[in-house]
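Overview (structure and organization)
As a plain string of letters, each chain reads:
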Amino acid sequence: MFVAVIVHLILQSKPLLQKLMVFLLLFTSVFLILSGWSVYKNNCSWIDTSRADEFEFPSIHWVMMASVDSGSYRQSDFDYTQSFPTLAQKRKADSEEFLRRVKSYGSCTNYLRFEIQKMAAVLADGKYAQTEHLQQTFSRAPSLANWLLNEGAYYDLFYCYITILITLFYFSVLTGSLLGIARGTLHTDTLLHITLFGVLLFFAFWEFKSRYLLNFVPVFMLTLVFSWADWEQMILIRRNSYQKNL
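Residue positions within a chain follow its written sequence, with the count starting from 1. Given that the model is predicted, a residue must reach a pLDDT of at least 70 before its local features are reported, and side-chain atom pairs must reach 80 or more before they are shown or counted; all residues, however, enter totals for whole chains, interfaces and linings. With hydrogens and water excluded, all non-hydrogen atoms of the structure serve as input to the side-chain values.

Some remarks on the pattern of salt bridges
A carboxyl oxygen of Asp or Glu within 4 Å of a side-chain nitrogen of Lys or Arg is what we treat as a salt bridge. Counting across every chain of the model gives eight salt bridges. K92 is the salt-bridge partner of E96, the closest N and O atoms lying 2.7 Å from each other. Of this pair, E96 and K92 both sit in helix α6 (residues 87-104), four residues apart, roughly one helical turn. Note on exposure labels: buried denotes an accessible area under 20% of the residue type's maximum, exposed denotes more than 50%, and partly exposed covers the range between, all computed with a 1.4 Å probe on protein chains only. Under the relative-accessibility criterion, K92 is labelled exposed at 52%. In this structure, R101 engages E97 in a salt bridge whose closest nitrogen and oxygen atoms are separated by 2.9 Å. Of the two residues, R101 and E97 are both situated in helix α6; the distance of four residues between them amounts to about one turn of the helix. The helix count covers DSSP runs of H or I at least four residues long, the strand count covers runs of E at least two residues long, and both are numbered beginning at the N terminus.

The structure is reproduced here in structure tokens:
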């Protein structure tokens with residue numbers, strides 16, 4: 001979200017000095033929050049950080065893990081990273097493994113194609129790659145399982161419904177963004193659009209799971225509402241223009 005705010009700030013037609021002041025305020029706030037938590041964590045009596053270097057995982061671990069198969073959690077990758085005793089060794093090993101996997105695709109085009117397919121597998125069926133968890137959840141609720149699980153009696157109807165819903169959602173968001181660009185001015189909805197596309201781009205290279213996306217559901221819903229508002233405004237402008245020309 002912080003990155004989206006910065007991009008939104010850069011795109012605004014405000015004086016450069018005003019942009020720099022806002023950026024400095026945002027950067028200082030984030031820096032103080034992160035630094036404050038780090039100081040508190042390292043000096044708090046009830047948090048034991050003596051073995052942090054042994055148990056902490058580097059961020060590249062999740063990028064490496066998401067670079068093959070479905071892009072979801074892999075126990076073998078977890079065990080691989082955990083086998084190294086220090087954070088620095090984990091980071092080095094995961095970085096090397098990530099580069100090896102990317103090179104195995106043969107070209108950047110093939111790797112990007114894999115990332116697109118991974119996003120589609122997570123976002124296209126309305127279950128966000130949680131089929132295994134849904135099977136466990138609905139094992140004692142056959143009426144719901146008939147709709148949500150692949151082998152369910154009414155799954156085809158659910159899949160048809162969710163495909164239409166998701167297609168309308170992305171179409172509305174995309175057209176709303178284009179209308180915002182054509183409008184030539186930046187509003188709150190522009191920030192939400194930047195956040196949404198940034199989230200999808202980030203999770204394309206991260207472990208793509210619903211537990212991460214759920215945090216951004218309010219952003220998704222607000223983006224959709226603002227997109228509908230943009231459509232309504234455009235229709236009203238066209239109608240008023242048509243009536244004046246009569």
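Overview of α6
Each residue after the first adds 1.5 Å to the expected span of a helix. Between its first and last C-alpha atoms α6 spans 26 Å; for 18 residues at 1.5 Å apiece the expected length is 26 Å, and the two agree. Taken residue by residue, α6 has L87, K90, A93, D94, E97, F98 and R101 as its buried positions. The arc enclosing the buried residues of α6, seen along the axis, measures out at 135 degrees, which places them on a common side. α6 presents A88, K92 and K103 as exposed residues on the side facing more than 90 degrees away from its buried surface. It is the directions from the helix axis to the C-beta atoms that the arc portrays.

Notes on the packing of aromatic side chains
A pair of Phe, Tyr and Trp rings is counted when the ring centres sit within 6.5 Å of each other, with Trp represented by its six-membered ring. The angle between the planes then sorts it: under 30 degrees is stacked, over 60 is edge-to-face, the rest tilted. Taken as a whole and judged by the stated rule, the model has 18 aromatic pairs. Between Y111 and F205 the ring centres are 6.2 Å apart and the planes differ by 40 degrees, which places this aromatic pair in the tilted class. Linking Y111 in helix α7 (residues 108-123) with F205 in helix α11 (residues 188-205), this pair joins segments that are 94 residues apart in sequence. Y111 sits in the buried class, given a relative accessible area of 7%. Through successive ring pairs, a cluster of aromatic residues spans F57, W62, Y73, F78, F202 and W206.

As for the environment of I60
Within the secondary structure, I60 is located in helix α4 (residues 60-65). With 146 residues separating them along the chain, I60 and W206 place their C-alpha atoms 8.9 Å apart. Setting aside residues no more than four positions away along its own chain, I60 makes contact with R91, D94, S95 and F98. Throughout, a residue-residue contact means that at least one pair of heavy atoms, one from each residue, lies within 4.5 Å.

Quick notes on the side chain of K90
By secondary structure assignment, the location of K90 is in helix α6. Residues scored as positive are Lys and Arg, those scored as negative are Asp and Glu, and His as well as the terminal groups of each chain are ignored. Of the side chains with opposite charge, D53 comes closest to the buried, unpaired K90, at an N-O distance of 6.7 Å. Ignoring sequence-local partners within four residues, the contact set of K90 consists of D53, E54, E56, F57, P58, T81, Q82, F84 and P85.

Topic: the side chain of E97
Using a relative accessible area of 14% as the deciding quantity, one classes E97 as buried. Polar contacts, as counted here, are pairs of nitrogen or oxygen atoms within 3.5 Å of one another; within protein the pair requires one atom able to donate a hydrogen and one able to accept it, and residues that are adjacent in sequence qualify only if both atoms are side-chain atoms. At 2.9 Å, the side chain of E97 and the side chain of R101 are in polar contact. If near-sequence neighbours (up to four positions away) are discounted, E97 is found in contact with M64 and Y80.

Considerations on the nonpolar core
To define a nonpolar core, start from buried Ala, Val, Leu, Ile, Met, Phe, Trp, Tyr and Cys residues and group those joined through side-chain atoms within 4.5 Å. Grouped together as the largest cluster of nonpolar side chains are 19 residues, with contacts concentrated most on L123, F203, F208 and L213. When contributions to this core are tallied by element, the ones reaching two or more residues are α4, α7, α10 (155-183), α11, α12 (210-213) and α13 (217-244). Within the second largest apolar cluster, nine residues are counted, among which are F138, L148, F158 and I162.

Here's the deal with the packing of α11 against α13
The contact between α11 and α13 brings their axes to 9 Å, and the two run at 135 degrees. The pairing of α11 with α13 is recorded here as oblique in orientation. The crossing of α11 and α13 is left-handed. Facing T188, D189, L192, H193, T195 and L196 of α11, the residues of α13 in contact are V219, F220, L222, T223, F226, S227 and D230. Looking at the contact of α11 with α13 residue by residue, the class counts come to six nonpolar, five polar and two charged. The axes used here are C-alpha line fits, helices contributing only the stretch in contact, and every angle between their N-to-C directions lies in the interval 0 to 180 degrees. We call two directions roughly parallel when the angle between them is under 35 degrees, roughly antiparallel when it is over 145, roughly perpendicular when it lies between 65 and 115, and oblique otherwise. Left-handed describes a crossing whose near helix is turned anticlockwise from the far helix through less than a right angle; right-handed describes the clockwise counterpart. Gly counts as polar in this scheme, as do all residues outside two lists: the nonpolar Ala, Val, Leu, Ile, Met, Phe, Trp, Tyr, Cys and Pro, and the charged Asp, Glu, Lys and Arg.

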